[in-house]
Amino acid sequence: MGSTKWLAFIVLIACLHGSISVYCQSSEPTVTLSEKNATLEKVLTAIRRQTGITFFGESSWAQVAHRVTISVKDVPYTEALSVCFKNQPLRYEMVDGAISIHVIRTKDYLLKGYVLNEKQEPVPGATVISRGRGKPSTAFTDELGGFSIFLSGQDTSIVIASISYEPKEIPYSGQTEIKVEVRAKVVELAEASVVGPAHTGYQDVPKERATGSYSQVPNAVIERRVSTSVMDRLDGVTSSLIFNKNVVPGTNQSTITIRGRSTILGNPDPLIVVDNFPYSGNINNINPEDIESVTVLKDAAAASIWGAFSGNGVIVMTTKKGKYNQRMKWNFTTSLTVGEKPNLYYQPILSSKDYIEVERFLYDSGFYNAKINDFRHPALSPVVEILLANNNVQYKLDSLAQIDTRRDLKKYFYQPSVSQLYDLNLSGGGKRDHYFVSAGYNKDVSNLVRNQFDRKTFNISNTWSIVPRKVELRTDASYVNSVTWNNNIGGINANYPYTTLKDANGMPLAIASDFRLPFVDTVGDKKLLDWHYRPLDELHNANDKTELKDLRLNASLRYNIWDGLSAAVFYQYEHGRSVENNFQSIKTYYTRNLLNSYAQPDGNGGYTWPVSPGDIRDKSINRFDANNLRLQLSFDHVFSPNHRLNALVGWELRDIEGRIDNTRTYGITPSTPDGVGVDYSMQYYLSYSGSVAKIPNQDLHYGTSDRFLSYYANAAYTFRQRYIVSASARRDESNLFGVNANQKGVPLWSTGVAWDISREGFYKMGWLPLLKLRATYGYNGNVDRSVSAYTTAQMSGFQNDYGQFYSSIVNPPNPSLTWEKIGMFNVGLDFASKNNRIEGSLEYFIKHGKDLIGQTAMDPTSGVTTFTGNAANMVVHGFDLALHTRNLTGKLKWVNDWLISYAKDRVTRYAVTQPSVTGFFHVNSLNPLVGYPLYSIYALKWRGLDPKSGDPLGDIGGKADTTYSAILNASVSSLIYKGPANPTFFGSWRNTFNWKQYELSFNIVFKMGYYFRRNSIQYYALYNGASKGSPDYDLRWQNPGDENFTNVPSRPAKANQNRDDFYDNSEVLIEKGGHVRLQDIRLSYDLPKRSYLRLPVQAIRFYFYANNIGILWRANHHNIDPDFINSLPNPRTMALGCRLEF
Amino acid sequence: MNSASRERIIFCLFITASVIAGCSKSDFLGKKPDTRLVIPTTLDDLQALLDNQYVMQETPELGELSADNFYMTYSVWQGLVVKEQNAYLWSKDIYDGIGQVPDWDIPYQQVLYANIVLEGLSKITPDASNQTRWNTLKGTALFLRAYAFHNLSQVFAPVYNPATAATDMGIVLRTIPDVNAKSIRASVQATYDSILSDLRQAASLLPAAVPVNNLNRPSQPAALALLARVYLSMGAYDQAWSAANSCLGMYSFLMRFDSLPSGKSIPVVNANPETLYQSVMYRSSGVLVGALQAKVIIDSTLYASYQPGDLRRVIFYRTSSGLPYLKGSYNGSAYCFSGMATDEVYLIRAECAARAGNKDAALNDLNQLLKHRWDSMYVFNPVTAASAEDALDSVLVERRKELAFRGLRWSDLRRLNNEGAGDTIYHGLNGQAHRLSPNSLNYVLPIPPDVLDFNKPAMLNNPRVDPD
């Protein structure tokens, strides 16, 4: 815990003590009054003047008040009040130093009560409405099920209504306290994601009173899927949220996007909140079995409570908790998932036969001569070696042509995956406390041999009602320990397709990777380490293990000061530590190769070793400590049936201190377990590669610090239960920008309105009992950690050639740096037909990203060429439709969940434009172009193949041309925009059938409105051994006339990288990404209770789950799964599971 | 609970909030987001900026590329970036609209670093304990700024001509670290005045000893050697002689090439003992990289001029398929050395002596150098001369041979042609001969297009002509 936090804590304690002692000396104010037959208003005004106490209340009180005669001297004001209100048709209440005045109606009674369910558990959030001839009044139950409601004598009953319980009417005959028991509604299957309160992480907003946009993933949907990671459970079941599958490293892409992209260089990830606070650790630490529900906050009103972190949307996870007055319940879940080996044949490559044909052609043209004669002995493929040896060539090549490396890879490198999950939890509660305890264990054996993931999770949460209905303390502790073994990279270091990995005797076979095999066989005359590369030995000698620990302690104290007014303190401490130990023993090729490369001939046929022979250990320690503190006042009060105010105000502090320590140790042997130091400053001549290099220094040490102070307020006012106005404001300050920049900080805010049309008197559409319109507008923010307002030099952590640590100027000072702001407008319509046969919501949104971090070009004479600052804008618009239909409700139930989303972004301001078209084809750089989506597919104009040579024809000035360097260096105006690179239109259609104890569901997901670039033949890379080629080779232009039916360029005598680049980036390889996929199927069966009556078991459920089932339709005709353009598709998995409740 | 105690708690919560928020806010939010970030204020911070060898060591390549030490094949030429292709052919415009030219950008980045350090130093009042260090840092920053400006002036400004220097367009002289300052081209006279003033001051501040283990840091001899180089490029031979003489008075070591492992691919080690200050030509150059990359073929006349016994032929070059290629650099790497070394200072002193009519002094320095380059298996015959003019000719020939691929040839061509040498240089490419006439306007390279763009319309480009 940082020292500041201790200090804060001590100050808090000190303040409590200090101010209590000061405050105790004060006493009640006194008044002196002398009035005769004066209006009550006048007397109260006099009291206010003397005491400072204010009065408020229903406006009509002054008209009904009787006149007052009073004469008192130096009496406590309460005494004066009791005189004034004597025999008045009024009553008064003290509300924290103010007096609230109410008109006493003919019969004006306060009824207090509790609502409990059949299990005697409190029912929060239920509506209590009066019935009778009088005006109806309303109240809501609090977290403990308690409510208080004013009733008049004309009221004859109250009705308790709630989403999950049957409505209940209780006759009213003047009682003052009441206990109501309600019965749960018959459990609805797969509840629509449009119901339930929004958990914002600060408060729970009931759906009826929400103006903002959020979607919810209820527990049934989370449990539906079987997976180790909690995020996987959201895929395909969450409105407006999409998992990006083809993330390109180096382009600042997030794996999850909510409602499109609205930042360029800033943080692209949504904020993930677990219970009350942002989660700082690795999200894979969270055991999905501990999660009760997930709420996704999408628009300004819902998310702006998170201010500068909310620009990409917020995902709030609520963990399971116990309940008051609940018997002890045990839950045990276990499942076993088995997955196929991945389909290694999915990525098309050149067949061995064709590959050999190409190599032969190249050999005959003398292509390999330079390599053959190179004194560095660069690797030659087996085919080239055979041709060079020129002995029994045809036979040897024919037998190689029969081999496909993938056969051995699949055999030795891959295996079926097996995942086991065990989770045990117990929960329960008494009158004064409740608890939830869980332990989980996951063991995932990857489909890559020797890769595995083990996770243990522990959770304990307790809630104590210290003073019933007044003071509640909640504590949570969770601990995760996981171990990941990453020993298999899934491939080998050679591109030719005809290698075997074992010899005839079953011994691991060496293959040419860096050097020619004949060279490796003899080099160093046994005085160097064995220099062979044997892929199977590599697999078995690898030893890369990452151990991760995460501890989270959370405490909150809530104090109900007054009905509806409460104060709370929340605190969370989180500590995470991950240690990766990559032990590259001297047996590994990496280590042997490095040692040999640096070995220096000593002139006598021997070698000296700048890197001492021994194992190499790379250790990366990454740890963080996060402290969060929040003080919050909440107010929720129903002033009368027509007025309800819900507000909160708070202050928050966040501090995340991180530390990275990467170290490499060379020369570990049994006698030197701590390794042997090396001279990093020395340049060595590497005679085998003919270059000069220093010994790689992998040491890196630095700390990071993210600190935030935030102030926020949020209020919603409901009038006549049908008009809702909400507003929020938040200000964040951070150390990222320095104190000066914060002083000019931009507060983020939002406003919202909602109108429940169906509650209007004129609303007569009985078939559509719910119709609610809502709209919000406001600003969210976003952070970019990579920029700072400081003039900053950054220490490199490395030494220069002369052993000095040095620093670089990162960015010139930028004192005006500020948060990225995302202005967002959202309008939504909620509806439900009679009996909720069809319910759902339709929303439209538009987001304007302003002051986004972007780059500006600078006059290089200034010493910098680009300047990173608030220099870009973007806009995103789209809609979300969520629909829940109950198609059949009889014995056979059939429910449909439709999620359909559209989101498309466009860059509207960006200061740097690439000089030529090539900038838009580099896969690893992010080059926005104004007017187009941030991630776009661009292409070059295609003019067919040259009928004479089969060369691809580009376009220069409207004419077909083959000057590829000119085509690739043409200005941006010659780019053709094909479309967005990420799906713009996506969603899912989930079907759930229920019959007796059986439930069957399947989910169909679709992604549309995007494009991708298909891989095809690249001759330059193929010739140089950098590519496995493509079967498109067989379709290549070979003879004049072929250009009429193929677009694959001819095989050039001499490969030209520019020719390949042009073809690769031309229009002909652009494909539509649209596809529909049957994602998964689940079948579950609840064992009838009668079959295990004697067992102490309450419920038994068995389930079967199959995932990644297959594509139903795709727009491309090349059998490409657009979710996996450059990788292998996720293999199909099948799971069997069982859930027991005791 | 009564209302008073409720109020108390609320009161306390907010007092706490405001205490934390108010009193320690600047401390709390003042913490650096990354420990590697430095707001350069201390002498250590400033030293760390100057120790950034990777920024400081690079010098422009365009001059050497345009000079006459080598030629290349058409296929190598095709693989070059546009700027390199056109500079090799002395085209009128060499950039084809492509900005971000390292030959301009890198020296100005060095100038920014130097200016940040100078500004940082101005805010630190040195005391007795750190006065020496403060002086060294200031001397270093001034040296670096002068070095960068001089390198720029050899490429982007015309040769110094006393008659027209006051009106000839020089380079942009930035002396403050404000990145938003306007870029205005100074005159050639002002350019050299600034360089000389920085260097004279640097020479008085820098330590006398050459830091043999840290040649990224300049010393007084290095500043004097640079001063000699600058004066020589201006044709101010008397001053050049004085600076060279003072430099050699402090440090005059020469390597015996006989003792170098000539069989190695790079026989000269990094930070060799002749080095006074290290730097290399642009490291991402497509042309000027040695160490086994067969990019440039050595000019045959140049290669033939090394006599039997002259070890420079095997130390600097190698042959492959009968053609001579660049071997490695004078600093033990694949990059071309462009820093200051004693051999250059010997040659400057010899040239200036010859120009002053002192034949013996010139030959003495020249032979002292050549003796160290000679193979002990061969008899070394000292160079003789009938007159000071003869001696000057010999010195210039040896200057070319000793300092090839050190970035100095272009500067020498400009200077000597300006004095009437009349050297026309040729580059053959794909069967076509390209030539550059003496004193051609194309001896001054054009200003990068992005720089002109940012400073429209005030900044004028250098006048260029279509090549012959």
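Remember, predicted model here, so these are calculated numbers, not experimental data.

Quick notes on the overall build of chain A
Phase 1: For chain A, the helix and strand inventory stands at 18 helices and 55 strands.
Phase 2: Here chain A has a C-alpha radius of gyration of 35 Å; the compact-globule value for 1142 residues is 32 Å, and the two agree.
Phase 3: Projecting the C-alpha coordinates of chain A onto the three principal axes gives extents of approximately 125 × 70 × 70 Å.
Phase 4: For chain A, contacts bridging at least 24 residues in sequence account for 70% of all contacts bridging at least 6.
Phase 5: Element-wise, carbon and sulfur atoms account for 56% of the exposed surface of chain A, whose accessible area totals about 48500 Å².
Phase 6: Counting 121 positive and 107 negative side-chain charges, chain A places the centres of these two groups 6 Å from one another.

Here we look at the domain arrangement of chain B
All names here are of chain B.
Phase 1: Entries for chain B in the domain assignment read domain 1 (3–206 + 435–454) and domain 2 (257–405).
Phase 2: Distance from the C-alpha centre of domain 1 to the C-alpha centre of domain 2: 31 Å.
Phase 3: Taken together, the contact between domain 1 and domain 2 spans 24 residues of the former and 26 residues of the latter.
Phase 4: Summed over both partners, the interface of domain 1 with domain 2 comes to about 2100 Å²; 57% of that surface belongs to carbon and sulfur atoms.
Phase 5: By the criterion of area lost to domain 2, the three top residues of domain 1 are Gln57, Asn69 and Tyr71, representing 27% of everything that side buries.
Phase 6: The partner of Glu58 in a salt bridge is Arg283, and the shortest N-O contact between them spans 3.5 Å.
Phase 7: Where the side of domain 1 that touches domain 2 is concerned, the elements lending two or more residues are helix 4 (53–56), strand 2 (58–59), helix 5 (62–66), strand 3 (70–71), helix 8 (102–122) and helix 9 (131–156).
Phase 8: For the side of domain 1 that touches domain 2, the class distribution of residues is 14 nonpolar, five polar and five charged.

Points about the confidence of the model for chain A
All names here are of chain A.
Phase 1: Chain-level pLDDT for chain A is 87 on average; 94% of the residues reach the 70-or-more range.
Phase 2: Low pLDDT (under 50) marks residues 1–26, which in the prediction has 28 contacts with non-local residues, meaning those over four places away or in another chain.
Phase 3: Low confidence marks residues 187–194, where pLDDT is under 50. Its contacts with residues over four positions away, or in another chain, come to 24 contacts.

Concerning helix 14 (residues 589–598) of chain A
Phase 1: The element helix 14 of chain A is largely enclosed, with a buried count of nine among its ten residues.
Phase 2: Along helix 14 of chain A, the positions that sit buried rather than exposed are A:Tyr589, A:Thr591, A:Arg592, A:Asn593, A:Leu594, A:Leu595, A:Asn596, A:Ser597 and A:Tyr598.

Things to note about the side chain of A:Arg664
Residues and elements named next belong to chain A.
Phase 1: With respect to the helices and strands, Arg664 occurs in strand 32 (residues 643–668).
Phase 2: By relative accessible area, which is 7% here, Arg664 ends up buried.
Phase 3: Only 3.0 Å separates the side chain of Arg664 from the side chain of Tyr590, close enough to count as a polar contact.
Phase 4: Non-local contacts of Arg664, meaning those with residues more than four positions away in its chain, are made with Gln584, Tyr590, Leu594, Ile616, Arg617, Asp618, Tyr680, Pro696, Gln698 and Asp699.

Considering the sheet that holds strand 1 (residues 37–38) of chain B
Phase 1: Strand order in the open sheet formed by three strands is 40(A)-39(A)-1(B), with antiparallel pairing between adjacent strands. Edge positions in the open sheet fall to strand 40 (805–811) of chain A together with strand 1 of chain B, since each of these has one partner strand only.
Phase 2: Pairing analysis gives five bridges linking strand 39 (residues 792–799) of chain A to strand 40 of chain A, with the strands arranged antiparallel. Note on strand 40 of chain A: the bridge partner recorded for A:Met795 is A:Ser807.

A word on the packing of aromatic side chains
Given two aromatic rings, one states the distance between the centres and the angle between the planes to describe the pair.
Phase 1: In total, this model carries 56 aromatic pairs over all chains according to the counting rule given.
Phase 2: Where A:Tyr422 meets A:Tyr441, the ring centres are 6.3 Å apart and the plane angle is 15 degrees; that geometry is what we call stacked. One end of the pair, A:Tyr422, is in strand 23 (residues 417–429); the other, A:Tyr441, is in strand 24 (residues 433–445), and 19 residues separate them in sequence.
Phase 3: Here A:Tyr422 falls in the partly exposed class, since its relative accessible area comes to 33%.
Phase 4: We classify A:Tyr441 as partly exposed; its relative accessible area is 26%.
Phase 5: Each residue in the set B:Phe70, B:Tyr88, B:Phe257, B:Tyr303, B:Tyr306, B:Phe316, B:Tyr317 and B:Phe405 is aromatic and connected to the rest through ring pairs, giving one cluster.
Phase 6: It is A:Arg630 that lies over the ring of A:Tyr202; its NZ or CZ is 3.9 Å from the centre.
Phase 7: The aromatic ring of B:Tyr335 is capped on one face by B:Arg283, whose charged end is 5.8 Å from the ring centroid.

Regarding the side chain of A:Ser262
Residue and element names in this part refer to chain A.
Phase 1: Within the fold, Ser262 resides in the loop between strand 17 (256–258) and strand 18 (271–274).
Phase 2: Residue class for Ser262 comes out buried when judged on its relative accessible area of 1%.
Phase 3: Apart from residues lying up to four places away in sequence, Ser262 is in contact with Gly311, Asn312, Ile822, Lys847, Gly849, Leu852, Met874 and Val876.

Some details on the pattern of salt bridges
Phase 1: Counted by the stated rule, this structure contains 74 salt bridges over all chains.
Phase 2: In this structure, A:Arg1139 engages A:Glu223 in a salt bridge whose closest nitrogen and oxygen atoms are separated by 3.1 Å. With a gap of 916 residues between them, A:Arg1139 in strand 55 (residues 1133–1141) and A:Glu223 in helix 5 (residues 219–224) connect regions that are remote in the sequence. A:Glu223 shares its class with A:Arg1139; the two are buried.
Phase 3: The closest approach of N and O atoms between A:Asp275 and A:Lys321, which form a salt bridge, is 3.3 Å. Here A:Asp275 is found in the loop between strand 18 and strand 19 (277–278), whereas its partner A:Lys321 is found in the loop between strand 21 (314–319) and strand 22 (326–339), with 46 residues between them in sequence.
Phase 4: Accessibility expressed as a relative area gives 11% for A:Asp275, which makes it buried.
Phase 5: Several salt bridges share partner residues, and in doing so they unite B:Glu274, B:Asp310, B:Arg312, B:Asp343, B:Arg373, B:Glu398, B:Lys401, B:Glu402 and B:Arg406 into one network.

With respect to a nonpolar patch on the surface
Residues and elements named next belong to chain A.
Phase 1: Taken together, the side chains of Leu888, Leu892, Trp995, Tyr998, Leu1000, Leu1083, Phe1104, Met1134 and Leu1136 define a hydrophobic patch exposed on the protein surface, amounting to about 780 Å² of accessible area.
Phase 2: Counting only elements with at least two residues in the nonpolar patch, the list comes to strand 50 (998–1008) and strand 55.
Phase 3: Among the secondary structure elements, Met1134 is positioned in strand 55.

The rules behind these values
- Residues numbered from 1 in each chain as written.
- Chains lettered and ligands numbered in written order.
- Predicted model: local features only at pLDDT ≥ 70, side-chain atom pairs only at ≥ 80, totals over all residues.
- Heavy atoms only, no water.
- Helix = DSSP H or I, 4+ residues; strand = E, 2+ residues; numbered from the N terminus.
- Rg over C-alpha atoms; globule rule 2.2 N^0.38 Å.
- Contact = heavy atoms within 4.5 Å.
- Areas by Shrake-Rupley, 256 points an atom, 1.4 Å probe, with all protein chains shown as cover.
- Lys, Arg positive; Asp, Glu negative; His and termini not counted.
- Charge placed at Lys NZ, Arg CZ, Asp CG, Glu CD.
- Domains from an automatic or database assignment.
- Buried area = accessible area lost by both parts, 1.4 Å probe.
- Salt bridge = Lys/Arg side-chain N within 4 Å of Asp/Glu carboxyl O.
- Nonpolar A, V, L, I, M, F, W, Y, C, P; charged D, E, K, R; others polar.
- pLDDT = per-residue confidence, 0-100.
- Buried < 20%, exposed > 50% of the residue type's maximum accessible area, 1.4 Å probe, protein only.
- Polar contact = N/O pair within 3.5 Å; in protein donor to acceptor, adjacent residues only side chain to side chain.
- Pairing = 2+ DSSP bridges.
- Phe/Tyr/Trp six-rings, centres within 6.5 Å; stacked < 30°, edge-to-face > 60°.
- Lys NZ or Arg CZ within 6 Å of the ring centre and 35° of its normal.
- Patch = residues over 30% accessible without salt bridge, like charges linked within 9 Å, V, L, I, M, F, W, Y side chains within 5 Å.

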